[in-house]
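Observations on the three-dimensional arrangement
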Amino acid sequence: MPPPDAPLPVSQRDARRLVVACQHLDTPRPKADQAQLLAVLRALRFVQLDPISAVAPSHELVLWSRLRPGALPLLDDLLFRQRRLFEYSLAAAAIVLMEDYPLYRAFMDAFPSYPQITAWMEANHALRQHILDRLADGAALPTSAFEDMAAVAWQSSGWTRGRNVERMLRYLWTGGHLMVSGRSGRERLWSLTARYLPEGAVRTALPMDEAIVRAVEHALRALGVAREREISRYFFGLYPSSAPPLGPALVRLRREKRLLEVAIEGEQDGDVSYVHVDSLPRLEAIQAGDWQGRTALLSPFDNLVIDRDRLLRLWDFSFKNEMYVPQAKRQYGYYVMPILHGDALIGRIAPRLDRRRRVLCVEGLYLEGAVRPTAELCQAVTDEVSDLASLVGATGIEYCSTVPDAWRDRLARL
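The text that follows walks through the structure, step by step, so that each part is easy to find.

Definitions and limits used
Residues numbered from 1 in each chain as written. Predicted model: local features only at pLDDT ≥ 70, side-chain atom pairs only at ≥ 80, totals over all residues. Heavy atoms only, no water. Pairing = 2+ DSSP bridges. Helix = DSSP H or I, 4+ residues; strand = E, 2+ residues; numbered from the N terminus. Contact = heavy atoms within 4.5 Å. Axes fitted to C-alpha atoms, helices over the stretch in contact; angles between N-to-C directions. 1 Å grid on protein atoms, 1.4 Å probe; cavity = no way out; pocket = protein on both sides within 12 Å on 5 of 7 lines; lining within 4 Å. Points joined across faces, edges and corners; volume = space filled by probe spheres on them. Nonpolar A, V, L, I, M, F, W, Y, C, P; charged D, E, K, R; others polar. Polar contact = N/O pair within 3.5 Å; in protein donor to acceptor, adjacent residues only side chain to side chain. Core = buried A, V, L, I, M, F, W, Y, C linked by side-chain atoms within 4.5 Å. Buried < 20%, exposed > 50% of the residue type's maximum accessible area, 1.4 Å probe, protein only.

Some details on the sheet that holds strand S7 (residues 187-192)
Taken in spatial order, the three strands of this open sheet run S5-S7-S6, and their pairing is antiparallel. Looking at the sheet topology across the chains shown, the edges are occupied by strand S5 (141-142) and strand S6 (178-184). Bridge count between S5 and S7: two bridges; the pairing is antiparallel. Note that in S7 the partner of Leu141 across the bridge is Trp190. Here helix H8 (residues 164-174) sits on the sheet and contacts S6 and S7; the angle it forms with S6, its principal contact strand, is near 125 degrees.

Right under this line is the structure:
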């Protein structure tokens, strides 16, 4: 037995299995009802929104990987009618839980923390007031409903340059003045926060130190086993400058015995990993052999794979988003989904929905070098592809030439 204060020993395999289990990717997908959807969202704590829709919007794929089809109408109901969820962004836009509003309110009240944003908003007081005055009438409005009254244009080296109305809306949203109250197609509809928050919602912010502690706990439960920087990235995004220091929160949680240090087999770099005490029963069951596992295709923005450094560390899986890489330099494709099989990331698939023909085109299917292309694995992967086709309304599936050699004839017959 290790000393009482010694790190808890965990094998690489069991660490991966705990991560997969905490992400609701270990057992067969349950029926998509409201209770199951809320269980998934409470486990993940957020689902990232992304406009790229080569197959389907990312949040739809994240939910489909964990629930049987049918979650999207339930999600819209929870978002815009029951208002048990809302859209918010610290670094990337996401769907989060209304019960976490006091946590997010702490960060809203602390925004903006960058002098250049403060100066730009002050210089464009007229634009800010124009937006707030238009929304004071009560009707939800799209971005296109507001005039560009900026005195100073937003400067950026990227696509946001000169998009003054969008920038002001984004900052009023991040600062908690506005909320997304619906959508017209893909366009957000904006409302004043004071008008849109549901009756009974707790509107006051947690003290910042308590908000950080709660964020750390949410992230660690979702991650299963994680290091400090992975906890920070999970909850605060992949932009280190936006994240508060987590050291005091980790010290407090260790003192209160709400998290434990973990020693993962084979890791000798001296970096500390943690597990939340709420995850210990699941870890003990996994260590006792209670593990099922299944196959899942994951959005490139899925909660399991969004931290690429963590993927490399725990899975030895190198994953890069090639959407903005010139076509001739892409290794795998424009839109690539990792393939989870049990506790392993065994490859990746490059699907594209041809909406005109209603065909799901698999432009490439690649296995990792050590993975054996068995008939059973082929069946598991193609079953998921078929289910994905059903999700997006495709009536046919086409496999291109870039597939494992051992599967070529089998796929040609599908």
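What follows continues from the structure just given.
As for empty space enclosed by the protein
One pass over the full model with this rule turns up three cavities of 30 Å³ or more. Of the pockets and cavities examined, the largest cavity occupies roughly 100 Å³. As for the largest cavity, its lining consists of 13 residues, of which Leu223, Tyr234, Asn303, Asp307 and Arg310 are closest to the centre. Breaking the lining of the largest cavity down by element, the ones donating at least two residues are helix H10 (208-223) and helix H11 (228-236). At three residues, the largest contribution of residues to the lining of the largest cavity is made by H11. Counted by class, the lining of the largest cavity contains seven nonpolar, two polar and four charged residues. What lines the second largest cavity is simply Pro300, Phe319, Lys320, Asn321, Glu322, Met323, Gly333, Tyr334, Tyr335 and Val336. A per-class count over the lining of the second largest cavity returns six nonpolar, two polar and two charged.

Concerning the sheet that holds strand S1 (residues 8-10)
The sheet built from four strands is open, its strands ordered S1-S9-S10-S8 with mixed pairing. The sheet is open, and its two borders are formed by S1 and strand S8 (225-227), each paired with just one other strand. Recorded for the sheet is a direction-independent mean angle of 45 degrees between the axes of neighbouring strands. As paired elements, S1 and strand S9 (residues 259-264) share three bridges and run parallel to each other. By the bridge assignment, Leu8 is partnered in S9 with Val262.

Structural notes on the side chain of Glu87
Residue position: Glu87 is located in strand S3 (residues 85-89). Within polar-contact distance, the side chain of Glu87 engages the side chain of Arg183 at 2.8 Å. Glu87 has contacts with Leu49, Leu79, Phe80, Ala94, Ile95, Trp173, Val180, Arg183 and Arg188, leaving out every residue within four places of it along the chain.

With respect to the nonpolar core
The tendency in soluble globular proteins is for nonpolar side chains to be buried side by side. Counting 76 residues, the largest nonpolar core has Phe86, Ile131, Leu178 and Ile231 as its most contacted members. The element that contributes the greatest number of residues to this core is H10, accounting for nine residues. Once residues within four sequence positions are removed from consideration, Leu178 is found in contact with Ile131, Leu132, Leu135, Leu169, Leu172, Trp173, Trp190, Ser191, Leu192 and Thr193.

Topic: helix H2 (residues 34-44)
Listed in full, the buried residues belonging to H2 are Leu37, Leu38, Val40, Leu41, Ala43 and Leu44. The backbone nitrogen of Ala35 has a side-chain oxygen 3.3 Å away, supplied by the residue at the start of H2, namely Asp33. Just past H2, the residue Arg45 takes up positive phi, approximately 80 degrees.

Side note on the environment of Thr27
As for its placement among the helices and strands, Thr27 is situated in the loop between helix H1 (12-22) and H2. A relative accessible area of 35% places Thr27 in the partly exposed class. Each C-alpha atom, one on Thr27 and one on Gly293, is 5.7 Å from the other, the two residues being 266 residues apart in sequence. With near-sequence residues (within four places) excluded, Thr27 lies in contact with Gln292 and Arg294.

Remarks on the pairing of strand S14 (residues 359-367)
For S14, the buried fraction is high: seven of the nine residues fall into the buried class. Sheet topology note: the strand S13 (residues 344-354)/S14 ladder contains eight bridges and is antiparallel. Paired with Arg348 across the two strands is Tyr366, which belongs to S14. Here four bridges tie S14 to strand S15 (residues 396-399), and the two strands are oriented parallel to one another.

A look at the environment of Val152
Here Val152 is to be found in the loop between S5 and H8. The class for Val152 is partly exposed, based on a relative accessible area of 39%. With 12 residues separating them along the chain, Val152 and Asn164 place their C-alpha atoms 8.5 Å apart. With residues up to four places along the chain from it excluded, the contact list for Val152 reads Trp120, Ala123, Asn124 and Asn164.

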